[in-house]
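# Summary of structural features
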Amino acid sequence: MACPHLESVSLTPPTPAQSVYREDCTQCFDSIDDPQGLDVCLQCFNGGCVGLRTHSQLHHVTRSHPLALNIRRTRKRVIKDEPPTKMTKLAIAAETEADRYDVTTAVKCHECATELDKTTPKLAPIVEGILKANTFSRQEEVKAWEQELTSCEHVLLLQQQESRKLQSHLGHCSQCDLNENLWLCLECGNLGCGRAQFGGVGGNSHGLAHATESRHALAVKLGSISPEGTADVYCYQCDEERVDGDLATHLAHWGIILSDQVKTEKSLTEMQIEQNLRWEFSMTTEDGKELKPLFGPGLTGLKNLGNSCYLASILQCLFDLPAFQARYNIPEADLPMVSDPAQDLETQLRKLGDGLVSGRYSKPDSDVVASEESPEIPYQKGLAPSMLKHLIGRGHAEFSTMRQQDAFELLQHIVKLITRSQHPAPFTDPTQLFQFVMEQRLQCLSCKKVRYSSTEQDSIFIDVPIEKLPAVEGEGKRYKPVTLKQCLDNVTAQEVVELTCSSCGSQDGFAKRSLFQTFPTTLVVNARKMTVENWVPRKVDVPVLVGDEPFPLDEYLSSGLQPSEELLPEEETTATPAFVPNEAALDGLMAMGFPRNRCEKALHATGNADANTAMEWLFGHMEDPDIDEPLVIATAAAGGDAADPEKIEMLGAMGFGAPQARKALKETGGDVERAVEWLFNHPDDQGDFNEAAESSEKKEAVPAGSAELPANFQLQSIVCHKGTSIHTGHYVAFIRKLLDTTTPQWVLFNDEKVVEAGDVEEMKKTAYVYFFNRVA
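A quick note: this is a predicted structure, and the numbers were derived from the prediction, not measured. (Residues numbered from 1 in each chain as written. Predicted model: local features only at pLDDT ≥ 70, side-chain atom pairs only at ≥ 80, totals over all residues. Heavy atoms only, no water.)

Quick look at the sheet that holds strand β2 (residues 47-49) now. Taken in spatial order, the five strands of this open sheet run β2-β1-β3-β5-β6, and their pairing is antiparallel. Each of the sheet's edge strands pairs with one partner strand only, and the pair in question is β2 and β6 (114-116). The average undirected angle you get between the axes of adjacent strands in this sheet is 40 degrees. Two elements, strand β1 (residues 38-41) and β2, share three bridges in a ladder whose sense is antiparallel. Within the sheet, the bridge partner assigned to L38 lies in β2 and is C49. Contacts from helix α2 (residues 55-63) reach β1 and β2, with the element oriented near 125 degrees to β2. Lying on the sheet, helix α4 (residues 124-132) is in contact with β1, β3 (67-75) and β5 (101-109); it crosses β3 at an angle near 45 degrees. (Pairing = 2+ DSSP bridges. Helix = DSSP H or I, 4+ residues; strand = E, 2+ residues; numbered from the N terminus. Axes fitted to C-alpha atoms, helices over the stretch in contact; angles between N-to-C directions. Contact = heavy atoms within 4.5 Å.)

Listed below in structure tokens is the structure:
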């Protein structure tokens, strides 16, 4: 009997703009590689698992979508008994999915509990469209392997010399015998070898020497040219990789027909990404043995989605904390009933919590073995949190890209997203464990009167003192180790600031000191090890000595207003400033020589985040006519009511919805003009739907942190970084775990690889973000 649902349902193949979730379930990490496969809805292309959690059936019941394509994938057995072959000059052969996997498909109707003929005229194009469509994760991967390249004036104004056909036998550099890594000058046709490159590719820089002597700007790497028109084009004048829209014409000028070319060498982008993935976080012990892979609950790796190690490292540290596990690893609770689980932050956080904590996916990847006789255990496959990555980055100028990012800035962004999310009873906001209060004390140096102020924070910065050690032959730059206590002493040290006293009028200044008013449950510390060389910030690896044993912070607790102290009078005419610059970032920028007005403008324009981002903004706005004018911000009336109904109505008249308008006003301090700009810069942001809940939460707000003593803290996890910039290089996480002993051991999370840590002291040298837990 024919299925009535097939006749009644309208089906269309997926369009290129639609996401097809045909790799893993949108509500858990079960995938097409599981024995029962994955069901893809034929109407909305949602992916649902068929195993114990039956999210496919749940989707059918909640959305009334009965038809699904079941996809099962099995790995073809490959025995690798020799190393991979070296890339040759013939071509780069890409291994396809068909080479690696066998795929089985079947169309079924949930309502009728029957299998349908997938070859019928109505089903065949739908099945073919799903199987050929880019998956959600593949769409992300495509972005990951592409740099954002542009053209330049030297490309646009290129004047080529008299055309000629290059000698067909010319297969080496004009100055040496190198026959790979060859660059053709597009202006005169000279062939020169490039610079030595990552991965052992040789080069004597004769191409660079030619460009320097002749002032010819553009060259193309011969081995990178593909018939599709892609190639490495480098501008020596800009010292940047560029895009040449007329590459075919420019090559034809020298007798090179683009359609006849074959790509024989890796591109610069491919080598750069390979280098990012191979920063030397050692995966071997001191005697050369491979570090022991680990499997089980809490020991699940995260696959690198392309420059996503910063995300994986932060997520591993967060989901190691009991508060995050209690909030998001709750298999006994129903998932949110939403129409699109892949676009729901709560669903994706709970999907990740289950994936990382349960241990269900932490198992050796046995699809490919080293050899039949090898007893070695391979690493695990790792989870690919592409849906969560998309949600975290949605609407954000940096995290929506596939470039490497600052792990600490990502942590702050995630904390903000979770804080603004709903946490219905009995659940609580897991980011509350980071909250504490810092108290600032100002004392006039003349009249000795004081003023206390406090700010709620979720982390602290420590500027690590940088002192070079004498050079040692055969070693790189070395720096004097410092202790964590030295850094905390510097943060809480007293300093003198230039202010005029509102009580006595003295201009002698004030003594300023910041101490803890309360301590958090988990203290997050960002260690900044930056130096500026030729106006370029550069990260250096200064060892910060931190022991594994608990240490007290009692001495950094403020004693508050003392009976003998007299408070400064309140300044009635001084309103709360609409914008308070990040003090540490402001000090850092001014120390580099930037005027205060410029620094404040840069911090205001970049979200008051950090000195590096603000400095990049400054370099891009040096020619602004008003760059040296004081920052002027229109403050909201009545103390800055960001959610003023009149302003929401005003933005509504421009076509913006109330949730989006409400969030834009909150993000910009109630400034309508800036809110409009924010809305245009965040078109994908869904806005703030939680006005009432937010108001009630404010009424029931609890104090951040605790002032109880003793305040003992112990290092729990570290995000480490190797590279000269926090926006490049590679991030990993080290976390103390209870394995099969009663004593915690350090575990290294290097993307999908989870192993027993080797050199613990070496990891502390590259530490960038610390997580300290408060202990009894």
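This next bit is on the pattern of salt bridges. Tallied over the full model, the rule gives 23 salt bridges. Taking the shortest distance from any N to any O, the salt bridge between D24 and K351 comes out at 3.4 Å. A residue pair is termed long-range when its members are at least 10 positions apart, and D24 in the loop between α1 (4-8) and β1 and K351 in helix α12 (residues 345-358) qualify at 327 residues. What makes K351 buried here is its relative accessible area of 2%. Connected via shared salt-bridge partners are D33, R73 and K381. (Salt bridge = Lys/Arg side-chain N within 4 Å of Asp/Glu carboxyl O. Buried < 20%, exposed > 50% of the residue type's maximum accessible area, 1.4 Å probe, protein only.)

Glancing now at the packing of helix α17 (residues 596-605) against helix α18 (residues 611-620). Relative orientation of the contacting elements α17 and α18 amounts to 110 degrees, with a least axis distance of 8 Å. When the axes of α17 and α18 are compared, the pair comes out roughly perpendicular. Handedness of the α17/α18 crossing: right-handed. Touching R598, K601, A602, L603 and A605 of α17 are A614, W617 and L618, all from α18. Counted by class, the contact of α17 with α18 contains six nonpolar, no polar and two charged residues. (Parallel < 35°, antiparallel > 145°, perpendicular 65-115°, else oblique. Left-handed = near helix turned anticlockwise from the far one by under 90°. Nonpolar A, V, L, I, M, F, W, Y, C, P; charged D, E, K, R; others polar.)

Attention now moves to the packing of aromatic side chains. We describe a pair of aromatic rings using the distance from one ring centre to the other and the angle between the two ring planes. Tallied over the entire structure, the rule returns 16 aromatic pairs. A centroid spacing of 5.7 Å and a plane angle of 15 degrees characterise the contact between Y770 and F772, whose relative ring orientation is stacked. F772 matches Y770 in its accessibility class, with the two residues each being buried. Positioned above the aromatic ring of Y101, the side-chain terminus of R73 is 3.9 Å from the ring centre. One Lys or Arg, K351, reaches over the ring of F29 and ends 4.7 Å from the middle of that ring. (Phe/Tyr/Trp six-rings, centres within 6.5 Å; stacked < 30°, edge-to-face > 60°. Lys NZ or Arg CZ within 6 Å of the ring centre and 35° of its normal.)

Turning to the pairing of strand β30 (residues 767-775), a few remarks are in order. With seven of nine residues buried, β30 lies mostly within the body of the structure. Relative to β30, strand β21 (residues 522-528) is paired through five bridges, and the arrangement is antiparallel. Counterpart to V524 in the pairing with β30 is F771. Where strand β26 (residues 712-722) meets β30, eight bridges bridge the pair, whose relative direction is antiparallel. Within β30, the residue paired with C720 across the bridge is A767.

This part is about the nonpolar core. If you look at the biggest cluster of nonpolar residues, it comprises 69 residues, and the most contacted ones within it are L42, I130, L318, L411, F434 and F771. The greatest single-element share of this core, amounting to eight residues, is contributed by helix α10 (residues 309-318). If sequence neighbours within four positions are ignored, L411 has contacts with I314, L318, V524, V769 and F771. By size, the runner-up hydrophobic cluster in this structure holds 40 residues, among which are V525, F551, I718 and F734. (Core = buried A, V, L, I, M, F, W, Y, C linked by side-chain atoms within 4.5 Å.)

Cis geometry is found at the peptide bond from A425 to P426, where omega equals 10 degrees. By the secondary structure assignment, P426 is in the loop between α14 (407-420) and β15 (436-444). Of the consecutive residues L709 and P710, the connecting peptide bond is found in the cis state with omega at 0 degrees. The residue P710 is located in the loop between α23 (691-699) and β26 in this model. Even without being glycine, S64 reaches a positive phi, approximately 55 degrees. Tracing the backbone through its elements, the reader meets S64 in the loop between α2 and β3. With phi around 55 degrees, A113 is a residue other than glycine that occupies positive phi space. Its place among the elements puts A113 in the loop between β5 and β6.

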